[in-house]
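One letter stands for each residue in the lines below.
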Amino acid sequence: MFPDAAQMAPDLAQALLAWQVEMGADEPILDRPVNRYELAAEAPKAAPPAAAPKAAAPVAAADPVAVARAAAAAAATLADLAGAQAAYGLCDLKKGARNFVFADGNPQARVMVIGEAPGREEDLEGRPFVGRAGKLLDRMFAAIGLSRTAPDAGAALYITNVLPWRPPANRDPEPAEIAMMLPFLQRHVELAAPRLVVLMGNTPCAAALGQRGIMRLRGTWTEAFGRPVLPMTHPAYLLRTPSAKREAWADLLSLRARLEGGA
Ligand code: URA
């Protein structure tokens, strides 16, 4: 420690003072320096700090798929399911979306169409397939006598998406997002109980069949959710690739044939 200034050579005391000023000291507090190391040794022992509160046991992060499964399973009606899915808080897409987009059309319909996710217009309006691709979808199904506005179940369509919230900038849904929405989709199909399901594009094929490759899958009936499903190319793809409409028309005819066959 520094010696008492009174015992110090004046030039050393002055040099020390100049150094302290340079370090930012601008106010003398006491006449004599205090050796705080000695004070600390003499100071009465402070009372030991109160016992720190016990750290809470670490809470395991919720498994998003398990939470979704439980919420979906508890829904007894489509209205319950919409409420449970809208309230689900583990999908970050919800934070960026303006609206929750559940479904449109007639839930009594024999045919349920499953798309990918809301786009800009759907997010604004809160209804699936209302943009350009949706208008084409309406025309496609109208060509085989089906419409989302038909009150008669035989002529009606029921429409939903794998994801109820718009992905930012319409990016592709991520596998984890599909996985956490799948229990809701499964329950949605179970409660609507359509005779036939159309999977529009790769995302619903990934969700329902665990497979991508819509150009290979399209047009071949298979089974998912315990009922017949038909993969088809997405209307947004048909807008970009009009030459693919021919095959889409063949798929629609196959759907009509199933319905006429009593599905
Ligand atoms: N594309 C989809 O897959 N779903 C919509 O609702 C709109 C566009």
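Here is what the cut-offs are and how they apply
- Along every chain, residues carry numbers that run from 1 in the direction the sequence is written.
- Only residues with pLDDT of at least 70 get local features here, since the model is predicted, and only at 80 or more are side-chain atom pairs given and counted; chain-wide, interface and lining totals rely on the full set of residues.
- Only hydrogens and water are removed before side-chain values are computed, so all heavy atoms of the structure are retained for them.
- Helix and strand labels come from DSSP, where a helix needs a run of H or I of at least four residues and a strand needs a run of E of at least two; each type is numbered from the N terminus.
- Buried, partly exposed and exposed residues are distinguished by accessible area as a fraction of the type maximum, computed with a 1.4 Å probe on protein chains only: under 20%, between the cut-offs, and over 50%, respectively.
- Every residue pair with non-hydrogen atoms within 4.5 Å of one another is taken to be in contact.
- Here the Shrake-Rupley method, with its probe set to 1.4 Å, supplies the accessible areas, and only the displayed protein chains count as covering residues.
- In this text, buried Ala, Val, Leu, Ile, Met, Phe, Trp, Tyr and Cys residues form a nonpolar core when linked through side-chain atoms within 4.5 Å.
- Proximity is defined per residue: any heavy atom of the residue falling within 4 Å of a molecule or strand makes that residue near it.
- Polar contact is defined as a pair of N or O atoms within 3.5 Å, subject to the rule that within protein one atom must be able to donate a hydrogen and the other to accept it, and that residues adjacent in sequence are counted only when both atoms are side-chain atoms.
- Throughout, the protein atoms alone are placed on a 1 Å grid, and a set of points is a cavity if a 1.4 Å probe fits but cannot get out or a pocket if it is open with protein on both sides within 12 Å along at least five of seven lines; lining residues have an atom within 4 Å of a point.
- To qualify as sitting in a cavity or pocket, a molecule needs more than half of its atoms within 2 Å of the grid points.
- The residue classification treats Ala, Val, Leu, Ile, Met, Phe, Trp, Tyr, Cys and Pro as nonpolar and Asp, Glu, Lys and Arg as charged. All others, Gly included, are polar.
- One requirement defines pairing of two strands: DSSP has to find at least two bridges between them.
- Only the six-membered ring of Trp is used, alongside the rings of Phe and Tyr, when aromatic pairs are assigned; centres must lie within 6.5 Å, and planes under 30 degrees apart are stacked while those over 60 apart are edge-to-face, with the rest tilted.
- By definition here, charges over rings are those cases where NZ of Lys or CZ of Arg is within 6 Å of the ring centre and within 35 degrees of the ring normal.
- Lines fitted to C-alpha atoms define the axes, with helix axes restricted to the stretch in contact, and inter-axis angles between N-to-C directions lie between 0 and 180 degrees.
- The scheme is simple: roughly parallel for angles under 35 degrees, roughly antiparallel for over 145, roughly perpendicular for 65 to 115, oblique for anything else.

## A few points about the overall build of the protein chain
Move 1: When its secondary structure is counted, the protein chain shows twelve helices and six strands.
Move 2: Burial status across the protein chain gives 40% buried among its 263 residues.
Move 3: The contacts of the protein chain with a sequence gap of at least 6 include a subset with a gap of at least 24, amounting to 71%.
Move 4: Entry remark: accessible area of the protein chain is about 15,100 Å², with carbon and sulfur atoms responsible for 56%.

## Concerning the environment of Leu-146
Move 1: Looking at where Leu-146 falls in the secondary structure, it is placed in the loop between helix H7 (132-142) and strand E3 (157-161).
Move 2: Residue Leu-146 is classed as buried on the basis of its relative accessible area, which comes to 3%.
Move 3: For the pair Leu-146 and Arg-110, spaced 36 residues apart in the sequence, the C-alpha separation amounts to 9.8 Å.
Move 4: Dropping the residues within four chain positions of it, Leu-146 is found in contact with Val-111, Phe-141, Gly-154, Ala-155, Ala-156, Leu-157, Leu-255 and Leu-259.

## Brief notes about the nonpolar core
Move 1: Grouped together as the largest cluster of nonpolar side chains are 42 residues, with contacts concentrated most on Ile-114, Tyr-158, Met-181, Leu-199 and Phe-225.
Move 2: Counting residues per element, this core draws most heavily on helix H8 (residues 175-192), which supplies eight residues.
Move 3: Look past the residues within four positions of Phe-225 in its chain and what remains in contact with it is Ile-114, Leu-182, Leu-185, Gln-186, Val-189 and Ala-208.
Move 4: Residues Leu-157, Leu-230, Ala-244 and Leu-255 belong to the second largest nonpolar core, which totals 24 residues.

## Some details on the site of the ligand
Move 1: In the vicinity of the ligand, the residues found are Gly-115, Glu-116, Ala-117, Glu-122, Pro-128, Phe-129, Asn-161 and His-234.
Move 2: Contacts to the ligand include Phe-129, whose backbone N or O atom sits 2.8 Å from an oxygen atom.
Move 3: Here an oxygen atom of the ligand sits 2.8 Å away from a polar atom, N or O, in the side chain of His-234.
Move 4: The fraction of the free accessible surface of the ligand (230 Å²) that becomes covered by protein chains is 91%.
Move 5: Under a 2 Å grid-point criterion requiring more than half of the atoms, the pocket assigned to the ligand is the second largest pocket.
Move 6: Of the residues that constitute the shell around the ligand, the class distribution is three nonpolar, three polar and two charged.

## A few points about the pairing of E3
Move 1: Within E3, five of the five residues are buried, leaving the element largely enclosed by the surrounding structure.
Move 2: Both faces of E3 are covered, namely the face carrying Leu-157, Ile-159 and Asn-161 and the face carrying Tyr-158 and Thr-160.
Move 3: The pairing of strand E1 (residues 103-105) with E3 spans three bridges and is classified as antiparallel. By the bridge assignment, Gly-105 is partnered in E3 with Tyr-158.

## A few points about the packing of aromatic side chains
Move 1: Tallied over the full model, the rule gives three aromatic pairs.
Move 2: An aromatic cluster is built from Phe-100, Phe-102 and Trp-165, whose rings are joined through pairwise contacts.
Move 3: The residue whose ring lies beneath Arg-258 is Trp-221, and the NZ or CZ to ring-centre distance is 4.3 Å.

## Some points on the packing of H7 against helix H12 (residues 245-260)
Move 1: Running from amino to carboxyl end, H7 crosses H12 at an angle of 50°, the nearest separation of the two axes being 10 Å. Judged on the interaxial angle alone, H12 and H7 are oblique. Judged by residue contacts, Leu-136, Met-140 and Phe-141 of H7 engage Lys-245, Ala-248, Leu-252 and Leu-255 from H12.
Move 2: Of the residues contributing to the contact of H7 with H12, the split by class is six nonpolar, no polar and one charged.

## Examining unusual backbone geometry
Working note: non-glycine residues mostly have negative phi, and peptide bonds are mostly trans.
Move 1: You will see that Asn-170, though not glycine, has its phi angle at about 55°, which is positive.
Move 2: Of note, Asn-170 is situated in the loop between E3 and H8.
Move 3: Judged by relative accessible area, Asn-170 falls into the partly exposed class, the value being 43%.
Move 4: One non-glycine residue, Phe-225, lies in the positive phi region at around 55°.

## Brief notes about the pairing of strand E4 (residues 196-200)
Move 1: Where burial is concerned, most of E4 is hidden: five out of the five residues are buried.
Move 2: Residues Leu-196, Val-198 and Met-200 of E4 are buried on one face, and the alternating residues Val-197 and Leu-199, pointing to the opposite face, are buried as well.
Move 3: Looking at chain direction, strand E2 (residues 111-115) and E4 are connected through four bridges and run parallel. Paired with Ile-114 across the strands is Leu-199, a residue of E4.
Move 4: With four bridges joining them, E4 and strand E6 (residues 227-232) adopt parallel strand pairing. Bridged to Met-200 within E6 is Met-232.

Keep in mind these values describe shape, not function.
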